[in-house]
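Structure at a glance
Here is how the chains run, residue by residue.
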Amino acid sequence: MTGLRASLQILRGRRNAPLRLPARSRVGGMADTFAGSTSGSDAPRPGKDYNSIAAALLGRVNRTGELSRDDAQDAAWCLWETTPALASHPRILAAVIHAAEQSRGPQPFRALASSYLASFAPDRPGMAEAGRSLTRMAKRMGKPWAELQRELDLFDPVKGAAGLARVCVARGDPPAKVLRSYGLGALSRQLGLVRQCVAEAMQQMRERMPQDHQRRLEWVQQFAVRNARELLFEDQGPLVANALLLPFGDNTPPSAVSDSFLRLLLRLFGDPRLHPVRWARMPEATAIIQRWLTRQSLRQFLDVVDQVADDRMWRHRRAFWDAVYDRQLISDAWVVFGQDGASTARKAFGEEISFATFDRGSVQKGHAVLLLRIGRGVVAEWSHSGKCIIWDDSDAPGAPWLHAPSYQPASLRVSRKAAAVADSAPFVISHAKSDRYHWQGVVAEKIHQMTGVRLSQAEYQVS
């Protein structure tokens, strides 16, 4: 019984303990957001403890059922962002709305309207009730509220954000700029209505501007991204990625277009080959970007090596692997560079691109390896006078894994002893007689064995 008695004493003490509130509510931070407000909006008052105010107002309304005009202004800022959040209590929510509707002055309305916009989320308690009341009052509140309600349905929980988004998309202006044009200069990009507007605009641009890729990219960069490398609203990652990528569908755009999209997407979410968890929320977009990254890795290898390779030999190899890619036989690609190649690749493709480097071992200056997934197998295509090595099964002993950060050169080669083992040996061929299409024909036949797809010489013939 001693343990039970002690537990009851603890519970009794907790029951009588005073309500603990956070030292500073979110409303306190909003005071900075609304600094320098225009006459059209209201702001929380700096220095006030709105958590304590909310607790006191809740008790007062429960006792009397009424709010004074000053109380109504403060209560408006305690509806959604404080602890307790007064909008979750129907009686005090009704009292705040009633005080705003009955007031002869504009201040209670402005406080309620500004708090509604700042905290807006369509599924929050009390949003529908507050929105209906604000819709009724806006008509008699003059500029900017009457105009905002008439043109945008601003206080409709369903239509408001969509209406603002339509104007933003049509003008090409961010939500904060559009709101400023109506006279709400104090509203920042972080407001709840702005968050919902950006989400609506992402959906609108995805559906209504599927071919205007450059405008879509610029819109996202300007309005959904800050500091050129992070999302304005982190939870909107899937909306942003889908708006950028899904309009392309199965069509792969020109390299200049895909590279500009990749630069932003890799800054925002990382490379899905290296950071798959970051892309798990958007599987359709992931499939598209992986296809683009495969092509970009192929271009990295071909373009960088192209600067130092013997053109007489290299142009045939470029034509062959381009043909293999065009037949959609390459499901993944990864490049391994030396230091010189790595520097050249970053200058050509940007700092965000991903590739591997040689760890240690003997490798000549400028050499690189292109690793490809074709069917179940893996190909290691060495640059310069190196060989083409093919493992029939990516799980075979000695077969290299793609997407490692670094490789020892020896791990991407095959010793003569290993090549002599008949059954498990990888396929190895040098790039001899390129102009006679000797090695190309042999590798094409090997790829046919791996995929069931046969390449014709006409597809990789150099004109």
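Right, let's walk through the structure included here. Note that the coordinates shown come from a computational prediction; the quantities given were computed from them, not determined experimentally.

Here's the deal with the overall build of the protein
In terms of helices and strands, the protein carries 20 helices and nine strands. Nonlocal contacts in the protein, meaning residues at least 24 apart in sequence, comprise 68% of its contacts between residues at least 6 apart.

What about the packing of helix α12 (residues 213-223) against helix α14 (residues 255-269)?
Contact geometry for α12 and α14: axes closest at 11 Å, N-to-C directions at 25 degrees. In terms of orientation, α12 and α14 fall into the roughly parallel class. The two elements α12 and α14 meet at a crossing, and its hand is left-handed. Across the interface between the two elements, H213, R216, L217, V220 and Q221 from α12 touch S260, F261, L264 and R267 from α14. Of the residues in the contact of α12 with α14, the class split is four nonpolar, three polar and two charged.

Comments concerning the nonpolar core
W145 and F155 are the most contacted members of the largest nonpolar core, which has 89 residues in total. Formed by 37 residues, the second largest nonpolar core is a distinct cluster that contains L329, I353, L372 and V379.

Thoughts on the environment of L266
Among the structural elements, L266 can be located in helix α14. In this structure, the C-alpha to C-alpha distance between L266 and I353, residues 87 residues apart in sequence, is 7.5 Å. Not counting the four nearest positions on each side in its chain, L266 is found in contact with D271, P272, I289, L293, E352 and I353.

What about the packing of helix α13 (residues 237-245) against helix α15 (residues 283-306)?
Running from amino to carboxyl end, α13 crosses α15 at an angle of 55 degrees, the nearest separation of the two axes being 9 Å. When the axes of α13 and α15 are compared, the pair comes out oblique. For α13 against α15, the interelement crossing comes out left-handed. Between α13, through A241, N242 and L245, and α15, the contact on the second element is made entirely by A285, I288, I289 and W292. Looking at the contact of α13 with α15 residue by residue, the class counts come to six nonpolar, one polar and no charged.

Some points on the packing of aromatic side chains
Enumeration according to the criterion identifies 18 aromatic pairs in this entry. Centre to centre, the rings of Y116 and F155 are 5.7 Å apart; their planes meet at 65 degrees, and the pair counts as edge-to-face. Taken together, the residues span a long stretch of sequence, with Y116 in helix α6 (residues 107-119) and F155 in the loop between α8 (145-152) and α9 (159-171) at a distance of 39 residues. Both residues of the pair, Y116 and F155, count as buried. With a centroid separation of 5.8 Å and an interplanar angle of 15 degrees, the aromatic rings of F358 and W382 are classed as stacked. You can see F358 sitting in strand β4 (residues 356-358) and its partner W382 sitting in strand β6 (residues 377-382), a full 24 residues away along the chain. Among the aromatic residues, ring-to-ring pairing joins W80, F109, Y116, F120, W145 and F155 into one connected group.

Comments concerning the pairing of strand β5 (residues 368-374)
β5 sits mainly inside the fold: six of its seven residues count as buried. Relative to β5, strand β3 (residues 330-337) runs antiparallel, the two sharing seven bridges. Bridge pairing in β5 links W334 to L371. Judged from the six bridges that link them, β5 and β6 form a sheet pairing that is antiparallel.

Regarding the pattern of salt bridges
What the rule picks out here adds up to 18 salt bridges. Note that R318 is salt-bridged to D303, the shortest N-O span being 2.3 Å. Here R318 is found in helix α16 (residues 311-326), whereas its partner D303 is found in helix α15, with 15 residues between them in sequence. Residue classification places R318 among the partly exposed residues on the basis of a relative accessible area of 21%. A cluster of three or more residues bridged by salt bridges with shared partners is formed by R229, R267 and E352.

A closer look at helix α7 (residues 127-138)
Each α-helix winds once per 3.6 residues, and so residues spaced three or four apart point in a common direction. Look at α7: 16 Å from first C-alpha to last across 12 residues, which is about the 16 Å you get at 1.5 Å a residue. Of the positions making up α7, those classed as buried are M127, A130, G131, S133, L134, M137 and A138. Taken end-on, α7 shows its buried residues confined to a sector of 165 degrees, consistent with a single buried face. In the core, the buried residues of α7 are packed alongside α5 (90-102), α6 and α8.

Considering α15
Here α15 is 24 residues long and its end C-alpha atoms lie 34 Å apart, about the 34 Å a rise of 1.5 Å per residue gives. Among the 24 residues that make up α15, 17 are buried, leaving the element largely enclosed by the rest of the structure.

What to know about the pairing of strand β7 (residues 388-391)
For a regular strand, the rule is simple: side chains alternate between the two faces of the sheet. Here β7 shows two buried faces, one formed by C388 and I390 and the other by I389 and W391. In this sheet, β7 lies alongside β6 in antiparallel orientation, the contact comprising four bridges. Each bridged residue has a counterpart across the sheet, and for V378 the counterpart in β7 is W391. Counting the residues in the hairpin turn of β6 and β7 gives five residues, including H384, whose phi is positive at 55 degrees.

Remarks on unusual backbone geometry
Apart from glycine, the bulk of residues carry a negative phi angle, and the bulk of peptide bonds sit in the trans form. A cis amide bond links T83 to the next residue, P84, at an omega of 5 degrees. Phi is positive for N227, close to 55 degrees, though the residue is something other than glycine. In this structure, Y437 takes a positive phi of about 60 degrees despite not being glycine. Tracing the backbone through its elements, the reader meets Y437 in the loop between β9 (427-429) and α19 (438-451). Residue Y437 is classed as buried on the basis of its relative accessible area, which comes to 12%.

Rules behind the numbers
- Residues numbered from 1 in each chain as written.
- Predicted model: local features only at pLDDT ≥ 70, side-chain atom pairs only at ≥ 80, totals over all residues.
- Heavy atoms only, no water.
- Helix = DSSP H or I, 4+ residues; strand = E, 2+ residues; numbered from the N terminus.
- Contact = heavy atoms within 4.5 Å.
- Axes fitted to C-alpha atoms, helices over the stretch in contact; angles between N-to-C directions.
- Parallel < 35°, antiparallel > 145°, perpendicular 65-115°, else oblique.
- Left-handed = near helix turned anticlockwise from the far one by under 90°.
- Nonpolar A, V, L, I, M, F, W, Y, C, P; charged D, E, K, R; others polar.
- Core = buried A, V, L, I, M, F, W, Y, C linked by side-chain atoms within 4.5 Å.
- Buried < 20%, exposed > 50% of the residue type's maximum accessible area, 1.4 Å probe, protein only.
- Phe/Tyr/Trp six-rings, centres within 6.5 Å; stacked < 30°, edge-to-face > 60°.
- Pairing = 2+ DSSP bridges.
- Salt bridge = Lys/Arg side-chain N within 4 Å of Asp/Glu carboxyl O.
- Expected span 1.5 Å × (residues − 1).
- Arc of directions from axis to C-beta.

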